[in-house]
Amino acid sequence: MNLTLKVWRQKDKDSDGHLATYAAPDVSPDMSFLEMLDVVNEGLMTKGEEPIAFDSDCREGICGTCSMMINGVAHGGQKGTTVCQLHMRRFKDGDTIVIEPWRARAFPVLRDLVTDRSAFDRIIQAGGFVSINTGGTPDGNAIPVAKTDADKAMDAAACIGCGACVAACKNASAMLFVSAKVSQLATLPQGKPERVRRALSMVSQMDSEGFGACTVTGSCEAVCPKEISLDFIAQLNREYGKAILKNPVQSKAGEGA
Amino acid sequence: MKLDSKIPEGPLAQKWDRHRFDLKLVNPANKRKFDIIVVGTGLAGASAAATMAELGYNVKAFCYQDSPRRAHSIAAQGGINAAKNYQNDGDSVYRLFYDTIKGGDFRAREANVYRLAQVSVNIIDQCVAQGVPFAREYGGLLANRSFGGAQVSRTFYARGQTGQQLLLGAYQALSRQIGAGKVKMFPRTEMLDLVLVNGHAKGIIVRDMVTGQVTSHAADAVVLATGGYGNVFYLSTNAKGCNVTATWRAYKKGAAFANPCYTQIHPTCIPVSGDHQSKLTLMSESLRNDGRVWAPKAKGDKRAPGEISESERDYFLERKYPSFGNLAPRDIASRAAKEACDEGRGVGPGGKGVYLDFADAIKRLTENGVRERYGNLFDMYEKITGENGYKTPMRIYPAVHYTMGGLWVDYHLMSTIPGCFVLGEANFSDHGANRLGASALMQGLADGYFVIPYTIANYLATSKQAKPKADQPEFQRALGDVAALTKRLLSINGKRTVNSFHKELGHIMWEKCGMARDEKGLQEALRQIPALREEFWKNVKVVGENGELNQNLEHAGRVADFLEFAELTCQDALHRRESCGGHFRTEFQTEEGEAKRDDENFSYVAAWEFAGSDKPPILNKEPLVYEEVHMSTRSYK
Amino acid sequence: MTNLLRNLFCSSLGKKYLMAGTGAALFVFVIGHLAGNLQIFLGPEAINRYGNLLQTNVELLWPVRLILLAIIIVHIWSAISLTRENRAARPVSYTDWKPTAASYASRTMFMSGVIVAFFIVYHLLHYTVMVQSINFTGKNFDAHPEFFDKEGRHDVYHMMIVGFSNPVVALFYVIAVGLLCLHLSHGVSAMFQSLGWKKRPYGACLDRAAVWGSVAIWLGYSSIPLAILFKVIS
Ligand SMILES: Cc1cc2nc3c(=O)[nH]c(=O)nc-3n(C[C@H](O)[C@H](O)[C@H](O)COP(=O)(O)OP(=O)(O)OC[C@H]3O[C@@H](n4cnc5c(N)ncnc54)[C@H](O)[C@@H]3O)c2cc1C
Ligand code: HEM
Ligand code: HEM
Ligand code: SF4
Ligand code: F3S
Ligand code: FES
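Residues numbered from 1 in each chain as written. Chains lettered and ligands numbered in written order. Predicted model: local features only at pLDDT ≥ 70, side-chain atom pairs only at ≥ 80, totals over all residues. Heavy atoms only, no water.

Some remarks on the coordination of the iron atom of ligand 2
Residue and element names in this part refer to chain C.
No. 1: Bound to the iron atom of ligand 2 are the protein donor atoms His75 (NE2) and His183 (NE2), situated 2.0 Å from the metal.
No. 2: Bound by 6 donor atoms, the iron atom of ligand 2 shows angles of 83 to 179° at the metal and therefore octahedral coordination geometry. With His75 in helix α4 (residues 58–88) and His183 in helix α8 (residues 167–194), this pair connects stretches of sequence that are 108 residues apart.
No. 3: Judged by its relative accessible area of 14%, His75 is buried. (Donors = N, O, S within 2.8 Å, 3.2 Å for Na, K, Ca; no water. Tetrahedral: all angles 85-135°; square planar, octahedral: opposite > 155°, others 65-115°. Helix = DSSP H or I, 4+ residues; strand = E, 2+ residues; numbered from the N terminus. Buried < 20%, exposed > 50% of the residue type's maximum accessible area, 1.4 Å probe, protein only.)

A few points about the packing of helix α13 (residues 498–513) of chain B against helix α14 (residues 519–539) of chain B
Residues and elements named next belong to chain B.
No. 1: Contact geometry for α13 and α14: axes closest at 10 Å, N-to-C directions at 175°. It follows from the interaxial angle that α13 and α14 lie roughly antiparallel. Only Gly521, Leu522, Glu524, Ala525, Gln528, Ile529, Leu532, Glu535, Phe536 and Asn539 of α14 make contact with α13, whose side of the interface consists of Phe501, Glu504, Leu505, Ile508, Met509, Lys512 and Cys513.
No. 2: Of the residues that constitute the contact of α13 with α14, the class distribution is 10 nonpolar, 3 polar and 4 charged. (Axes fitted to C-alpha atoms, helices over the stretch in contact; angles between N-to-C directions. Parallel < 35°, antiparallel > 145°, perpendicular 65-115°, else oblique. Contact = heavy atoms within 4.5 Å. Nonpolar A, V, L, I, M, F, W, Y, C, P; charged D, E, K, R; others polar.)

Describing the site of ligand 3
All names here are of chain C.
No. 1: Contacts to ligand 3 come from 18 residues, most closely from His33, Asn37, Gln55, Arg65 and His123.
No. 2: Residue Gln55 places a side-chain N or O atom 2.8 Å away from an oxygen atom belonging to ligand 3.
No. 3: One of the side-chain nitrogen or oxygen atoms of His123 is found 2.6 Å away from a nitrogen atom of ligand 3.
No. 4: Elements with a minimum of two residues in the shell around ligand 3: α2 (12–38), α6 (109–128), α7 (156–163), α8 and α9 (200–229).
No. 5: Element by element, the count of residues in the shell around ligand 3 is highest for α6, at 6 residues.
No. 6: Its residues placed into classes, the shell around ligand 3 shows 12 nonpolar, 5 polar and 1 charged. (Near = heavy atom within 4 Å. Polar contact = N/O pair within 3.5 Å; in protein donor to acceptor, adjacent residues only side chain to side chain.)

Section: the arrangement of the chains
No. 1: By number of contacts, the leading pair among the 2 pairs of chains in contact is chains A and B.
No. 2: Over all C-alpha pairs, chain B and chain C never come within contact, reaching a minimum spacing of 21 Å.

Overview of the interface of chain B and chain A
No. 1: Taken together, the 74 residues of chain B in the interface contact 79 residues of chain A.
No. 2: Together, the buried faces of chain B and chain A total about 6300 Å²; carbon and sulfur atoms form 50% of this surface.
No. 3: Looking at the side of chain B facing chain A, the largest losses of area belong to Arg70, Arg176 and Lys383 of chain B, adding up to 12% of the total buried there.
No. 4: At the boundary of chain B with chain A, the tally comes to 7 salt bridges.
No. 5: A salt bridge links Arg188 of chain B to Asp55 of chain A; the nearest nitrogen and oxygen atoms lie 2.8 Å apart.
No. 6: There are 48 residue pairs in polar contact (both at pLDDT 80 or more) connecting chain B and chain A.
No. 7: Every element with two or more residues in the side of chain B that touches chain A is listed here: α3 (43–55), α5 (110–130), α6 (162–179), α10 (359–385), α11 (440–463), α13 and α15 (551–575) of chain B.
No. 8: Element by element, the count of residues in the side of chain B that touches chain A is highest for α6 of chain B, at 9 residues.
No. 9: When its residues are assigned to classes, the side of chain B that touches chain A shows 26 nonpolar, 30 polar and 18 charged. (Buried area = accessible area lost by both parts, 1.4 Å probe. Salt bridge = Lys/Arg side-chain N within 4 Å of Asp/Glu carboxyl O.)

Some words on the coordination of the iron atom of ligand 3
All names here are of chain C.
No. 1: Around the iron atom of ligand 3, the protein supplies His33 (NE2) and His123 (NE2) as donor atoms, at distances of 1.9 to 2.1 Å.
No. 2: Metal-centred angles of 87 to 179° between the 6 donor atoms at the iron atom of ligand 3 mark the site as octahedral. On the criterion of sequence distance, the pair formed by His33 in helix α2 and His123 in helix α6 is long-range, its members being 90 residues apart.
No. 3: A relative accessible area of 23% means that His33 is categorised as partly exposed.

Side note on empty space enclosed by the protein
Residue and element names in this part refer to chain B.
No. 1: Counted by the stated rule, this structure contains 14 cavities of 30 Å³ or more.
No. 2: Considering the residues around the largest cavity, the lining is formed by Glu190, Leu192, Arg207, Arg249, Val482, Leu485, Thr486, Leu489, Leu553, Glu554 and Gly557.
No. 3: Elements with a minimum of two residues in the lining of the largest cavity: β7 (189–197), α12 (473–492) and α15.
No. 4: Its residues assigned to classes, the lining of the largest cavity comprises 5 nonpolar, 2 polar and 4 charged.
No. 5: When its volume is computed, the second largest cavity comes out at roughly 80 Å³.
No. 6: For the second largest cavity, the full set of lining residues is Thr263, Gln264, Ile265, Asp331, Arg335, Asn434, Met515, Gly581, Gly582, His583 and Phe584.
No. 7: It is strand β12 (residues 263–269) that provides the largest number of residues to the lining of the second largest cavity, a total of 3 residues.
No. 8: Taken together, the residues of the lining of the second largest cavity sort by class into 3 nonpolar, 6 polar and 2 charged. (1 Å grid on protein atoms, 1.4 Å probe; cavity = no way out; pocket = protein on both sides within 12 Å on 5 of 7 lines; lining within 4 Å. Points joined across faces, edges and corners; volume = space filled by probe spheres on them.)

So, the confidence of the model for chain C
No. 1: Per-residue confidence for chain C gives a mean pLDDT of 93; residues scoring 70 or more make up 100%.
No. 2: For this predicted complex, the interface confidence comes out at an ipTM of 0.95, alongside a pTM of 0.95. (pLDDT = per-residue confidence, 0-100.)

Digging into the packing of aromatic side chains
Each aromatic ring pair is specified by the distance between its two centres and by the angle formed by the two planes.
No. 1: For the structure on display, the rule yields 45 aromatic pairs over all chains.
No. 2: Their ring planes at 90° and their centres at 5.4 Å tell us that Tyr122 of chain C and Phe172 of chain C sit as a pair that is edge-to-face. Pair noted here: Tyr122 of chain C is in helix α6 and Phe172 of chain C is in helix α8, with a separation of 50 residues, a long-range link.
No. 3: The class of Tyr122 of chain C is buried, set by a relative accessible area of 14%.
No. 4: Residue Phe172 of chain C is classed as partly exposed on the basis of its relative accessible area of 33%.
No. 5: Each ring, one from Phe192 of chain C and one from Trp197 of chain C, has its centre 6.4 Å from the other, and the planes form 65°; the classification is edge-to-face.
No. 6: According to the relative accessible area criterion, Trp197 of chain C is partly exposed, its value standing at 48%.
No. 7: The ring of Trp537 of chain B carries Arg488 of chain B above its face, with NZ or CZ at 4.1 Å from the centroid.
No. 8: Here Arg65 of chain C stacks its cationic end above the ring of Trp62 of chain C, 4.8 Å away from the centre of that ring. (Phe/Tyr/Trp six-rings, centres within 6.5 Å; stacked < 30°, edge-to-face > 60°. Lys NZ or Arg CZ within 6 Å of the ring centre and 35° of its normal.)

Points about a positive patch on the surface
No. 1: Taken together, Lys152, Lys192, Lys242 and Lys246 of chain A together with Lys199 of chain C make up a surface patch of like positive charges.
No. 2: Residue placement: Lys246 of chain A occurs in helix α8 (residues 231–246). (Patch = residues over 30% accessible without salt bridge, like charges linked within 9 Å, V, L, I, M, F, W, Y side chains within 5 Å. Areas by Shrake-Rupley, 256 points an atom, 1.4 Å probe, with all protein chains shown as cover. Lys, Arg positive; Asp, Glu negative; His and termini not counted. Charge placed at Lys NZ, Arg CZ, Asp CG, Glu CD.)

As structure tokens, this is what we get:
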């Protein structure tokens, strides 16, 4: 099939960008979306033009690197699917496809479709961990964990940190991402001792990165490739509520060790 | 070059404990004075960086992805082994040790493997304490599953995302140290060279992949945990960015490269769908528990699978290996599929695939029963191929999956360059000629959490080297070399794209140095590869500039290294005139077509030493001495 | 304590609690007010007595008014503050953006809220302060003897009949209350989520209840101006 692409091109962080139009001829339905872009890029490079920069690595839906808006939907709109796993058989001959980077103040565009998502890392650095050192830990079976809790923690832990939730949210809110980590650790006995401090510092870091707040619109859950549930946002709200009631002193972000 | 494996004295089971006592320590106040560079933040790198920072060292960590959480370890699905014997089914440290040695076809070092089995139990404790949501039984205790190459259930897992969860555990530990200021993290930063001062590894040269800036970093020791080189085959189950650059450039600075020809091919991957294919996707091996593998008996049979009657099908694994049937080990199953395709009996586009048929299983378990067990895999298969695996048989084909070879390291995990340590898939230790499922994750974490923190202290306490500075002449020179290489790549301005070279190289490697190798093919490859390399340096087209985010330039640098490395791999494969594990030489097989080892002549580690760009590499041999186990022939008939 | 206040007023989640808490209080008021107003269908006696009860209990009236005022100020302040942050969070907008799963009501909360705020101001001037110039009937609800019943109470019944006899005013009420209910159709279930009380098993029921509840509220409120306009009551 033959497609027309309208792709966001932007030289670097400080330059202005624009939508450029490219033809994508002879696209096979068996290609993944990224393979389609690879082929377009081969064509551009053969002509000596700079290829469209986009992020990807594992190409099997688990590393969370790939990231782009396709026709206004993060990851392209197939349920539970990252763009690297999206295949061209979902499009039809003659389609025009608009491709844009994630857009959020906290995710500046570095080039074309590549954004800087280090804000997510800083949120984890602020408290998304259990403060234990290597060694000296009790036997793995010393603390039984109810299967339902283990399963729920795993549901939350499945987040791949791709940022689609932020990209899709009308407020560019990172609540789904943050709530997934807070909920995972708050559900397991290993994470409970630190839950107050964790909720406070991760939320505080989230705010200072410039993400928006959640107004419960639900787009994040709909585009999330790991189908992380909005229930976790409710759980974060609950955790934070308890935390501000219990919290004697304000924890600072990054007060790690 | 002298290969000193530094295996401690004493009985196998006590080597590590005794050795830990003998190792020199760095006192806590002094740890603060040491800087350590860790390249790579996969399981091995992240765990090492976090642990060393907890101990007090100043760590700088580097990865090429935009976040340390995205290292390729994230993709591991199946699980991680540990000799916990929670199932009370007769597991023990010794059994895990033995299974790993045997699985590696008796080409790994006993002492290392034993230590791996010993610390495996600590890994699980550590990960549980970090909040890794391992699967649990209703009673609240950890669940286990069984995995290839073992008769006990010792594999711990977190759904089909074990690698992800373990990596996130390590990433979180690392993040905690970054937050505390003990680790400085450099994401989107690629290592392009290793810097030696006075013969010791004292720093690296890196390129900032956003700005293109090339800088040097000095430290008292350098740890490489940069993963495997499977992408030399172009198509593999590895992530797009996996590369050999870091280890290759260390090799060129004097680190010996061991057993590069040992590559593992995984039998159940989704076949190539066309020329556009950019990577291959693995489907869990567990599918072979209920699926039956077959190919049409007739050559070039293009009918739909449903039209091929039972008598026209060849269930070749069941035919060749009646006792193991569809569960034959990875290498054997892979080779059998390739043979069927080579005979012209392959199915699907290009005839590169065989069927994995669930019709019988559906009859036995009903469609829902099958869905319960493998639903997510069927969904993934459908996403990628657009076919419904319940209705028509799945198509599978083997793909490159793991590389057992890597930089040679001693018992301390130190390469032949003092101060340069190598962890995880990047080193050669532990898996011999073939890796068992669920033991790579174990090795990465063992190296990072429990081995390197001890052994690096010994080096730092005893090496007595001056503190390096990033503006020393050695660094300046290396910076200059890297800049010159980049400039050269950008100035060729030829006609062919980088990717076309990578594809062609991959094709040569897959055909001549893939699942089955022979002398003729390898020699051909050894002619083709240098020619391709020469063409690359004349005719490659790299667009853009250095001073920007330039993915084409990154790729070009990696392919340039693959083009050199591929030659070494073929040389290694050619020289090893035996078949063992992932290295199958068609000349050396039993009458039934099984791998035939030559323990007399090849029971050694081949550690290749760089002798100069225009000279052949030098082969060094580390003999493998088996004190505990008796070498036997693998049989799965 | 200062931490608690800082966390409430300075963090995004804290502001959401304020918004949800005040929203809940306002919601309760909306229900109560509706119940009070519906007494109009019971005839002049009922509603005038009710009105008088409220009016004459100054000790109760003013505290309640002040609390309501504070609540709405906090609600509006947090709404404005969060909305500004939310807009700033995406400085460059998409050329193409699809709302995927986000309902119309959820996307227009601020606009519906602002319009409701204007409505409330108008409404207060209309029936509480009773500014003559904005009731478009040419009559002074506060001073004209026509608006006091025979017991000397303020004739709320008559005031509403006269007030809503102007179709424009009546229609404006219907539309404004419609927007309020649009606001509530999302707000009520969002409130549970923001306070952390929403969960999968009953979450969907809650969403539906919020929508149908809002429709009911809208019908309830609208029935008054419409009934008057169409002379069902007079
Ligand atoms: C699809 C798949 C499934 C698997 N399933 C299993 C399983 O079930 N069980 C099991 O035990 N094993 C499994 N494996 C194998 C296992 O995942 C890997 O061997 C292991 O995770 C490797 O870890 P590592 O830390 O050595 O390297 P990686 O995780 O590959 O990390 C490499 C790191 O080095 C960095 N890096 C690389 N080059 C450079 C450079 N030049 N400059 C800077 N940084 C660099 C990268 O950024 C990355 O951070 C699987 C592998 C694959 C591909
Ligand atoms: C009687 C009047 C009002 C009632 C009953 C009311 C009720 C509510 C409720 C219950 C919520 C949900 C809180 C949450 O999300 O947790 C809410 C949210 C909100 N309200 Fe109001 N509100 C009223 C007036 C206003 C006004 C006047 C404004 C605007 C200036 C406004 C703006 C908002 C905004 C922006 C939200 C946030 C939307 C969200 O979080 O989903 N509201 N309101
Ligand atoms: C059809 C719809 C409505 C009718 C007929 C109505 C009627 C009235 C009347 C008659 C009064 C004056 C009572 C008195 O002074 O004796 C009043 C007061 C008031 N109304 Fe309404 N109202 C309606 C809708 C609303 C809505 C939707 C809101 C807000 C969300 C609202 C908020 C108020 C407030 C705040 C007061 C002032 C109460 C006070 O005296 O302090 N009304 N309303
Ligand atoms: S919550 Fe979902 S969308 Fe958001 S980062 Fe995690 S996986 Fe991506
Ligand atoms: S889309 Fe945004 S508004 Fe909340 S529910 Fe998801 S974060
Ligand atoms: S590239 Fe890894 S998730 Fe898409």
